[in-house]
Amino acid sequence: MKYIDGFRDRETALFLRNRMTGAAERLAADGRTARVMEVCGSHTMAIARYGVRDLLPPAVDLISGPGCPVCVTDTGYIDAAIELARRGVVVATFGDLMRVPGSRETLARVRAEGAHVPVCYSPAAALEIAKREPENEVVFLAIGFETTVAPVISIVDAARRDGVRNISLLTAFKLVPPALRALLDDPAIRVDAFLCPAHVSAIIGADAYRPFVEDDRVPCVVAGFEPLDILLGIAEIVEQFAAGEARLVNQYSRVVKPEGNRKALNLMKRLLEPVDAAWRGIGVIPGSGLGLRAEVAEFDAAKRFGLVIDAGKTNPACKCGDVLKGVIRPRECPLFGGVCHPDNPIGPCMVSSEGSCAAAFKYSRCA
Ligand code: SF4
C-alpha cells in the first residue's frame with residue numbers, strides 16, 4: 001500500500017481542491033461552467049468510488065464519456081456472438097460481455113442452455129482452448145480500445161507460429177481519438193475539455209490528443225487513475241479553461257510517453273487496418289475501428305462463418321447512448337435503479353465494471 005497511499009492523501013486532495021478554487025470562482029463570476037469529460041470508464045469508476053465530484057467547485061461539471069469498451073459494443077455484435085454459440089462454435093470471451101443484452105438474450109443465457117461459452121482472463125487462454133480442442137472451432141470476442149488490441153491480436157501471430165487453424169477473432173475494436181472527434185463535431189454535445197484516458201494513452205501516446213488542443217482549442221490532460229491523479233488533472237483543466245488557454249498536459253508521465261508504445265502500435269499496424277465502427281447508442285463513426293487486414297483474413301470470424309452483423313435491437317427506453325455521449329447522467333434515465341439495476345441490466349452501462357450506470361448505482365454519491 002505504501003506505493004498507493006501517496007496518491008490518496010487527504011491533505012493533498014484538499015490542497016488540489018483549493019488550488020482550483022480561484023479559477024472556478026472566476027468562471028462562476030462570468031456565469032460560465034467548465035464541462036469536463038472523463039473519457040475513460042476506469043476514471044468514471046474511480047471518480048465515483050473516491051467521491052471526486054464532491055470535492056469539485058460548482059463551476060466544474062464533470063461528465064462521463066464513451067470510454068467503457070463493453071458499453072460501446074453494439075447490440076448486433078452480441079447477436080452475432082450468440083448466433084455463433086448456437087451454431088456450436090466455442091465462443092471465448094472476457095467475463096464482462098456475458099450479461100450484456102443482445103436484441104433478445106445474452107451470452108449467459110445461451111451458455112445456461114448448453115452452448116460452450118468459456119470466460120477467459122486473457123486472449124492466450126482462448127488459444128489454449130483451440131489447441132486443447134482441435135475438433136472445435138474457437139472464436140474469441142475481440143472487443144476493446146487501443147489498450148487491449150495488441151494483446152488480443154498477438155494471438156494471430158501465436159496461432160500462425162504454432163500452426164493452430166481452428167481459432168479466429170470476431171473483432172469490434174474501437175479507437176478513442178475518432179470518437180472524441182465525433183463528440184466535438186456534434187452540435188448537440190458540449191465538451192469544453194477532455195480528461196484523457198490513462199491506459200489508452202499508454203499505447204497511443206499523449207501526442208495523439210494534440211489536434212484537439214491545437215485545432216479545437218480544447219484543453220486535454222492525460223491523468224492516471226488514483227484520486228490525486230484525477231484531481232490534479234481537473235485542476236490543470238479548470239485553470240486553463242478559466243484563463244482561455246488550451247494545452248496538452250501529460251500528468252501521467254510515469255506511464256504515458258508522448259509517442260506511446262511503438263511495439264504495440266507497430267503490431268497493430270501490421271495486422272489491422274482502420275474500419276468504420278458501430279458504437280452502441282451512438283451509431284457508426286467513420287474510421288473509429290480496426291479490422292483484420294486481408295493478409296490475415298483467415299482469422300476473421302465474420303468472414304470464416306459468413307456473419308452479417310446488423311445494428312440489432314435495443315430497448316427503446318434505454319438511454320445508454322445519451323449516457324455515453326455525456327448528454328445525460330445515469331440517474332436521468334427513467335429505468336435507472338428501477339427496471340434497470342445490476343441484477344437486471346437493461347443496457348451495458350449497468351453491466352460493465354467500467355459502466356457509468358453501474359458506477360452511479362454502486363456509489364450513491366455519483367450523480
Ligand atoms: S440505467 Fe440502464 S437502461 Fe438506463 S442508460 Fe443506464 S444501462 Fe441503459
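Residues numbered from 1 in each chain as written. Predicted model: local features only at pLDDT ≥ 70, side-chain atom pairs only at ≥ 80, totals over all residues. Heavy atoms only, no water.

Quick look at the packing of aromatic side chains now. By the definition in use, this model includes 4 aromatic pairs. With a centroid separation of 6.0 Å and an interplanar angle of 35 degrees, the aromatic rings of F145 and W279 are classed as tilted. In this pair, F145 sits in the loop between strand 4 (138-144) and helix 8 (146-162) while W279 sits in strand 9 (residues 272-279), placing the two residues 134 residues apart along the sequence. The buried category is assigned to W279, whose relative accessible area is 1%. Arranged with centres 6.0 Å apart and planes meeting at 65 degrees, the rings of F194 and F212 form a pair that is edge-to-face. Separated by 18 residues along the polypeptide, F194 in strand 6 (residues 193-196) and F212 in helix 11 (residues 210-214) bring together distant segments of the chain. Residues F194 and F212 agree in their burial class; the two are buried. Across the ring face of F241, the terminal group of R32 is positioned such that the distance to the ring centre comes to 4.7 Å. Across the ring face of W279, the terminal group of K174 is positioned such that the distance to the ring centre comes to 5.8 Å. (Phe/Tyr/Trp six-rings, centres within 6.5 Å; stacked < 30°, edge-to-face > 60°. Helix = DSSP H or I, 4+ residues; strand = E, 2+ residues; numbered from the N terminus. Buried < 20%, exposed > 50% of the residue type's maximum accessible area, 1.4 Å probe, protein only. Lys NZ or Arg CZ within 6 Å of the ring centre and 35° of its normal.)

Following the criterion strictly, the structure yields 1 disulfide and no others. Each disulfide pairs two cysteine sulfurs, and for C68 the partner residue is C71, the sulfurs being separated by 2.5 Å. The disulfide joining C68 to C71 has a torsion of about 70 degrees about its S-S bond and is therefore right-handed. On the basis of relative accessibility, which here comes to 0%, the residue C71 falls in the buried class. Distance from the sulfur of C40, which forms no disulfide, to the nearest cysteine sulfur (C68) is 9.2 Å. (Disulfide = S-S within 2.5 Å.)

With that settled, consider the site of the ligand. Near the ligand you find 13 residues, and of these C318, C320, C333, C340 and C357 are the closest. Mapping the ligand onto the cavity grids shows that it belongs to the largest cavity. (Near = heavy atom within 4 Å. 1 Å grid on protein atoms, 1.4 Å probe; cavity = no way out; pocket = protein on both sides within 12 Å on 5 of 7 lines; lining within 4 Å. Sits in = over half its atoms within 2 Å of the grid points.)

Turning our attention to the packing of helix 8 against helix 13 (residues 262-271). Close contact between helix 8 and helix 13 brings their axes to 9 Å; oriented N to C, the two are set at 60 degrees. Comparing the axis directions of helix 8 and helix 13 gives the class oblique. Once helix 8 is placed against helix 13, the crossing between them reads as left-handed. Facing E146, V149, A150, I153, S154, V156, D157 and R160 of helix 8, the residues of helix 13 in contact are A264, L267, M268, R270 and L271. Its residues assigned to classes, the contact of helix 8 with helix 13 shows 8 nonpolar, 1 polar and 4 charged. (Axes fitted to C-alpha atoms, helices over the stretch in contact; angles between N-to-C directions. Parallel < 35°, antiparallel > 145°, perpendicular 65-115°, else oblique. Left-handed = near helix turned anticlockwise from the far one by under 90°. Contact = heavy atoms within 4.5 Å. Nonpolar A, V, L, I, M, F, W, Y, C, P; charged D, E, K, R; others polar.)

What follows is about the sheet that holds strand 5 (residues 167-174). Taken in spatial order, the 5 strands of this open sheet run 3-4-5-10-9, and their pairing is mixed. Edge positions in the sheet fall to strand 3 (90-92) and strand 9, since each has one partner strand and no second. Neighbour-to-neighbour, the strand axes of this sheet turn through a mean angle of 30 degrees, independent of strand direction. One ladder, built from 7 bridges, connects strand 9 with strand 10 (residues 283-292); its direction is antiparallel. Residue pairing across strands places L272 opposite L292, the latter belonging to strand 10. The strands touched by helix 8 within the sheet are strand 4, strand 5, strand 9 and strand 10, with strand 5 carrying the most contacts at an inclination of about 160 degrees. On the sheet, helix 13 packs against strand 9 and strand 10 and is oriented at approximately 85 degrees with respect to strand 9. (Pairing = 2+ DSSP bridges.)

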